[in-house]
Amino acid sequence: MAASPIPLHELEASIADPLAPTFFPPAAYTSEAFHEFELEAVWRREWVLVGRLEEVPEPGDWFSIEVAGEPLLIVRDDDGEVNAVSAVCRHRGMLVAEGRGRCERAFVCPYHEWAYDRRGRLIGAPQAAELTRRGIGLPRLRTELWHGFVFVTFDEEAEPLAPRLASLEPIVAPYRLQELRGDFTVDPDYRFELDHAWNWKVYAEGQNECYHCDKLHGDTPVMQATDCNSIAFGVMEPDNGLFHFELRNHAIDVTLNHVGRALLGAIPGLTEAQRWVTHTVVIAPGVLLVLMPDSVIALGYRPTGPTSMRVKRHRLYPQATLDHPRFAEVHREESVAVRAFVGQDEYAFARVQQGLSSRFAPRGPIAAREQVLVGMNRWLLDRYRAAEAAPAPAGPAAAG
Ligand code: FES
Ligand SMILES: [Fe+2]
């Protein structure tokens, strides 16, 4: 049982009056102790997005990622299953591998060369072969696949993810997410992850509302082609941590690029009506999907400290777009436009974090167009309460 360093009744004041919701108190965005509490209450219990299946297409393909302070390896094994194991060597605690690559036969720890197979089982230990018969292995986490996305959880008892996401199916199905591929598959220099110096909730809140879109981003081609006043909230399930809204655009095939319109065709199978809207889907705590007519942006973010976070970015396209002879050229210009758009958010988030550390930091009202944030706070409060009521799950054990 962990007590919230910010008394829960203070946090609950944010949603106490349904007509006047507010943000959490500033300390929830700055306090080291509250960050530790959130790791236990949220990030070590919930399903966390770590990447895409096509990042590990073949047996032996792997990448590393850190979740809630834990270095992990995501690896495709010989049966084609995707495994998530701790990267911490069972000998002295060195990290067995970092980055991404193809594990030919075994992961060999650089320190004393203990070797682990693609499921994390110890299969070699120099001058200590008897250890390999003891069932030593890297602790394994539960994984779940959803439309080509790989999720992990430290909670052995967590409810499966897919049933919780059931009401998203009619929204996401037309985009055939499983068949889309990331721009990283064609760009060897792709940087998946970005580190930021603000609390993860500053980022989540900024990404999950469309109050600022036509203001902060008002000069961008995509927002000039989007009717933000058309916002319609669809799936809103605070109990499940699911939120969704759609925007109707001023034109067909509006997308986030340098001209605001898809240049290489729409996702096959979308109806004309679907090509006039943009869907935004939030899966708490750390997933944002923006479903556009030509591509899908998927962001997976998580905290790395009280005032720092990391986001893993994917932009997914149909194969026909990736194969298009003009893809490289269009993608280059598109990336510049995306960078500029994201830079506007970063400009704001950095200053919000600064403002929340001020003695004059507000505990401001949440606006109507920000109502996803009310639901998000409700969902978080449920997690905070549950953490106060019950001990954190033991988590996976080291296994063979
Ligand atoms: S720490 Fe990995 S083999 Fe010693
Ligand atoms: Fe934004």
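Our subject in this report is the structure included herewith.

1. A look at the pairing of strand E17 (residues 296–305)
No. 1: Among the ten residues of E17, nine are classified as buried, and the element is accordingly described as predominantly covered.
No. 2: As defined by bridge partners, strand E16 (residues 287–291) adjoins E17 across five bridges and the pair is classed as antiparallel. Pairing of Leu291 across the sheet is with Val296, part of E17.
No. 3: The loop that links E16 with its antiparallel partner E17 comprises four residues.
No. 4: Pairing of E17 with strand E18 (residues 308–317) involves nine bridges; the strand directions are antiparallel.

2. Regarding the packing of helix H5 (residues 200–208) against helix H9 (residues 327–356)
No. 1: Relative to each other, H5 and H9 sit at 135°, their axes nearing to 10 Å. With respect to their mutual orientation, H5 and H9 come out oblique. Crossing of H5 over H9 shows right-handed handedness. In contact with Val202, Tyr203, Gly206 and Gln207 of H5, H9 contributes Asp345, Phe349, Val352, Gln353 and Leu356.

3. Digging into the sheet that holds strand E6 (residues 107–108)
Two modes of strand pairing occur in sheets, parallel and antiparallel, and in both the strands are linked by backbone hydrogen bonds.
No. 1: Across the sheet, three strands lie side by side as E6-E7-E8; this open sheet has antiparallel pairing. Strand pairing shows two members of the sheet lacking a second neighbour, E6 and strand E8 (122–124), which therefore form its edges.
No. 2: Sheet topology note: the strand E7 (residues 115–116)/E8 ladder contains two bridges and is antiparallel. Paired with Ala115 across the bridge in E8 is Gly124.

4. Observations regarding the coordination of the iron ion (ligand 2)
No. 1: For the iron ion (ligand 2), the full set of protein donor atoms is His212 (NE2), His217 (NE2), Asp345 (OD) and Asp345 (OD), and the range of their distances to it is 2.0 to 2.7 Å.
No. 2: Geometry at the iron ion (ligand 2) is irregular, judged from the four donor atoms that bind it and their angles of 54 to 151° at the metal.
No. 3: Along the chain, the residues donating to the iron ion (ligand 2) are arranged with the sequence spacing H-x4-H-x127-D. In this pair, His212 sits in the loop between H5 and helix H6 (213–216) while Asp345 sits in helix H9, placing the two residues 133 residues apart along the sequence.

5. Some thoughts on the nonpolar core
No. 1: Counting 72 residues, the largest nonpolar core has Leu11, Ile74, Tyr301 and Tyr384 as the members making the most contacts within it.
No. 2: Ranked by residue count, the leading element in this core is helix H10 (residues 371–389), at nine residues.
No. 3: Residues in contact with Leu11, not counting those within four places in the same chain, are Ser4, Ile6, Phe24, Pro25, Ala28, Phe34, Arg363, Leu381 and Tyr384.
No. 4: Tyr175, Val281, Leu289 and Leu291 belong to the second-largest nonpolar core, a separate cluster that totals 26 residues.

6. Notes on the layout of surface pockets
No. 1: When its volume is computed, the largest pocket comes out at roughly 1,100 Å³.
No. 2: Lining the largest pocket are 50 residues, and of these Leu256, Ile297, Val338, Phe341 and Val342 sit closest to its centre.
No. 3: Counting residues per element, the lining of the largest pocket draws most heavily on H9, which supplies 13 residues.
No. 4: Within the lining of the largest pocket, the residues separate by chemical class into 26 nonpolar, twelve polar and twelve charged.
No. 5: As a volume, the second largest pocket reaches approximately 460 Å³.
No. 6: Surrounding the second largest pocket, 20 residues form its lining, Phe23, Glu205, Glu209, Val352 and Glu370 being those nearest its centre.
No. 7: Elements supplying a minimum of two residues to the lining of the second largest pocket: H5 and H9.

7. Some details on H9
No. 1: Taking 1.5 Å per residue as the helical rise, H9 with its 30 residues ought to reach 44 Å, and the 42 Å between its terminal C-alpha atoms agrees with that figure.
No. 2: By the burial criterion, the buried members of H9 are Phe327, Val330, His331, Glu334, Ala337, Phe341, Gln344, Asp345, Glu346, Phe349, Gln353 and Leu356.
No. 3: Next to the buried residues of H9 lie strand E12 (193–196), H5, H6, helix H7 (221–224), E18 and helix H8 (319–322).

8. Description of the sheet that holds strand E10 (residues 149–153)
No. 1: Spatially, E1-E10-E9-E4-E3-E2-E5 is the arrangement adopted by the seven strands of the open sheet, whose pairing is antiparallel. With one partner strand each, in any of the chains shown, strand E1 (48–52) and strand E5 (100–102) form the two edges of the open sheet. Averaged over all pairs of adjacent strands, the angle between strand axes in this sheet comes to 30°, irrespective of strand direction.
No. 2: Here five bridges tie strand E9 (residues 140–146) to E10, and the two strands are oriented antiparallel to one another. Paired with Arg142 across the bridge in E10 is Thr153.

Conventions and cut-offs
Residues numbered from 1 in each chain as written. Chains lettered and ligands numbered in written order. Predicted model: local features only at pLDDT ≥ 70, side-chain atom pairs only at ≥ 80, totals over all residues. Heavy atoms only, no water. Buried < 20%, exposed > 50% of the residue type's maximum accessible area, 1.4 Å probe, protein only. Helix = DSSP H or I, 4+ residues; strand = E, 2+ residues; numbered from the N terminus. Pairing = 2+ DSSP bridges. Axes fitted to C-alpha atoms, helices over the stretch in contact; angles between N-to-C directions. Parallel < 35°, antiparallel > 145°, perpendicular 65-115°, else oblique. Left-handed = near helix turned anticlockwise from the far one by under 90°. Contact = heavy atoms within 4.5 Å. Donors = N, O, S within 2.8 Å, 3.2 Å for Na, K, Ca; no water. Tetrahedral: all angles 85-135°; square planar, octahedral: opposite > 155°, others 65-115°. Core = buried A, V, L, I, M, F, W, Y, C linked by side-chain atoms within 4.5 Å. 1 Å grid on protein atoms, 1.4 Å probe; cavity = no way out; pocket = protein on both sides within 12 Å on 5 of 7 lines; lining within 4 Å. Points joined across faces, edges and corners; volume = space filled by probe spheres on them. Nonpolar A, V, L, I, M, F, W, Y, C, P; charged D, E, K, R; others polar. Expected span 1.5 Å × (residues − 1).

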